[in-house]
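Here is what each chain is made of, one letter per residue.
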Amino acid sequence: MKFKNLTVAASALLIVGGTVEAREIQLGHVLSDDSHYSVGADAFKETLESVSDGEFTVREHPAGSLGGERDMIEGLQIGTVDAVITSTGPLGNFVPETYVLDLPFLFTDYEHARSVLDSEIGDDLLGRMEQHDIIGLAWSENGFRHMTNSRNEVKEPADVDGMKIRTMENQVHMNAFSELGASPTPMAFPELFTALQQGTVDAQENPITVIVATKFWEVQDYISLTGHVYSPAAVLGSGPLWSDLSEQEKQWFNEAAQASAEATRAEVLRLETEGLDLLREKGMTVIEDVDKAPFQEAIEPVYESFTDQYGDEMLDRIRNF
Ligand code: EAX
C-alpha cells in the first residue's frame, strides 16, 4: 500500500475504533512531588484530562528531571517540553519585559502581587511571550523570597557582606545582591542543594514553600524573613505544540492552567505559616524582626539600572496600579 493510503487507513481505523489516541502532555518543574508546584501540576492534569474527556493525558516530571527552569523553557521553544510550571527567575532571559516582576520590594504583599498579575498588566506580559515561542497560560505563584544561610544571622545589609549567595539566573537579582555587598552566584535550581551541602555557596534565597519542599534545613542554619522579592510562577506552554491545537483545545489548556494557578496559590498561603513552624522544628533559627528599610535603601540603584535598560513604562503601571 502506498504510504498515503496507509495513513488514511490508519486514521480511519482510529476513528472507526471510536477511540482517538490520547496525546500525553509532558509537564515539567524543578520541585519535589509534594511541593506547591506539584499541587499545581496535579490540578493541571485533573482538569485537562477531564475537560478533554481523555483526549489529552498529562505526565508530570518533577524535581528537575527535565532539567533546570532555563533548560525547560528552552524545551518549550523547540517543542521537546510541552508545559512547564516555573518561577520567573530565568524567564527574563527569554522575555525581558518580565524582569520588572523580579524587582526587589516592588510588591507589598500577596494581594497586591496577585491583583497586578491578574489584571491587564499580567495579561499584557503573558501575551508578550508568544513571539518567543513560549505560551503564557497563567500566572501561578512561588512566593515571597527570604534569605537563608549557613554563616550568621542576617538582620541588616552589613550581615550579608561578602556572603556567597546563590541567585537564580536573573540579572536583576544578581545586581540587587551585589548592591548589598554579597557575592551573587547564578545557578540552576537542581544544582543548589549540593552546592550548599559542599559549601560552594553560603546562602540562597527562596520562598518558604521551596525551602520546605527541598528540605533546606539540612544544609542551612538561618532563615531571615527579608521578603525581599515576590517571586511569581507561571504556567507556560510550548509554542510548537500550541500552533497544532484547535481553538477548543487551546481553551482546555487555558482552563487547566487557571486551575493549576489557583491550586498552587492556595498551597503557598497554607505553607506561609505551617512551613515556618516546620523550619523551627527542624532546627533552623528564624529571624523574623528584619528591618526591611535598610535593604530597600541599599538596593535602590537596581531600579535605576533597570529603567536605564528596560524603560519605566511597565514599572510605572505597576506602581500606579
Ligand atoms: O521555581 O530557582 C529558584 O530558586 C526557584 O525559586 C525555584 O526553582 C522554584
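Cut-offs applied
Residues numbered from 1 in each chain as written. Predicted model: local features only at pLDDT ≥ 70, side-chain atom pairs only at ≥ 80, totals over all residues. Heavy atoms only, no water. 1 Å grid on protein atoms, 1.4 Å probe; cavity = no way out; pocket = protein on both sides within 12 Å on 5 of 7 lines; lining within 4 Å. Points joined across faces, edges and corners; volume = space filled by probe spheres on them. Helix = DSSP H or I, 4+ residues; strand = E, 2+ residues; numbered from the N terminus. Nonpolar A, V, L, I, M, F, W, Y, C, P; charged D, E, K, R; others polar. Phe/Tyr/Trp six-rings, centres within 6.5 Å; stacked < 30°, edge-to-face > 60°. Buried < 20%, exposed > 50% of the residue type's maximum accessible area, 1.4 Å probe, protein only. Axes fitted to C-alpha atoms, helices over the stretch in contact; angles between N-to-C directions. Left-handed = near helix turned anticlockwise from the far one by under 90°. Contact = heavy atoms within 4.5 Å.

Under an unreviewed UniProt entry, the chain has the name Tripartite ATP-independent transporter DctP family solute receptor and belongs to Spiribacter vilamensis.

(A) Broad picture of empty space enclosed by the protein. Enumeration according to the criterion identifies 3 cavities of 30 Å³ or more in this entry. Here the largest cavity is characterised by a volume of approximately 140 Å³. Together, 18 residues line the largest cavity, and E69, S87, R166, M168 and F189 are the ones closest to its centre. Along the walls of the second largest cavity sit P104, F105, M147, H173, A176, F177, L180, T226, H228, V229, F295 and I299, which together make up its complete lining. Breaking the lining of the second largest cavity down by element, the ones donating at least two residues are α6 (171-179), β8 (222-238) and α11 (292-310). Considering only residue class, the lining of the second largest cavity consists of 9 nonpolar, 3 polar and no charged.

(B) The arrangement of the packing of aromatic side chains in detail. Tallied over the full model, the rule gives 12 aromatic pairs. Considering the side-chain rings of Y99 and Y310, the 5.5 Å spacing of their centres and the 45 degrees angle between planes classify their relative orientation as tilted. Of this pair, Y99 sits in the loop between β3 (83-87) and α4 (110-117) while Y310 is found in helix α11, placing the two residues 211 residues apart along the sequence. The class of Y310 is partly exposed, set by a relative accessible area of 33%. Seen from their ring centres, Y110 and Y230 are 6.0 Å apart, and the 85 degrees between their planes marks the pair as edge-to-face. Within this pair, whereas Y110 is found in helix α4, its partner Y230 is found in strand β8, the two being separated by 120 residues in sequence. Grouped by ring-pair contacts, the aromatic residues F44, F56, W242, W252 and F253 constitute a single cluster.

(C) The packing of α6 against α11, seen in detail. Two elements in contact, α6 and α11, have axes whose closest approach is 8 Å; the angle formed by their N-to-C orientations is 145 degrees. In this structure, α6 meets α11 at a crossing whose hand is right-handed. Of the residues in α11, those in contact with V172, N175, A176 and E179 of α6 are A298, I299, P301, V302, S305 and F306. Across the contact of α6 with α11, the residue classes tally to 7 nonpolar, 2 polar and 1 charged.

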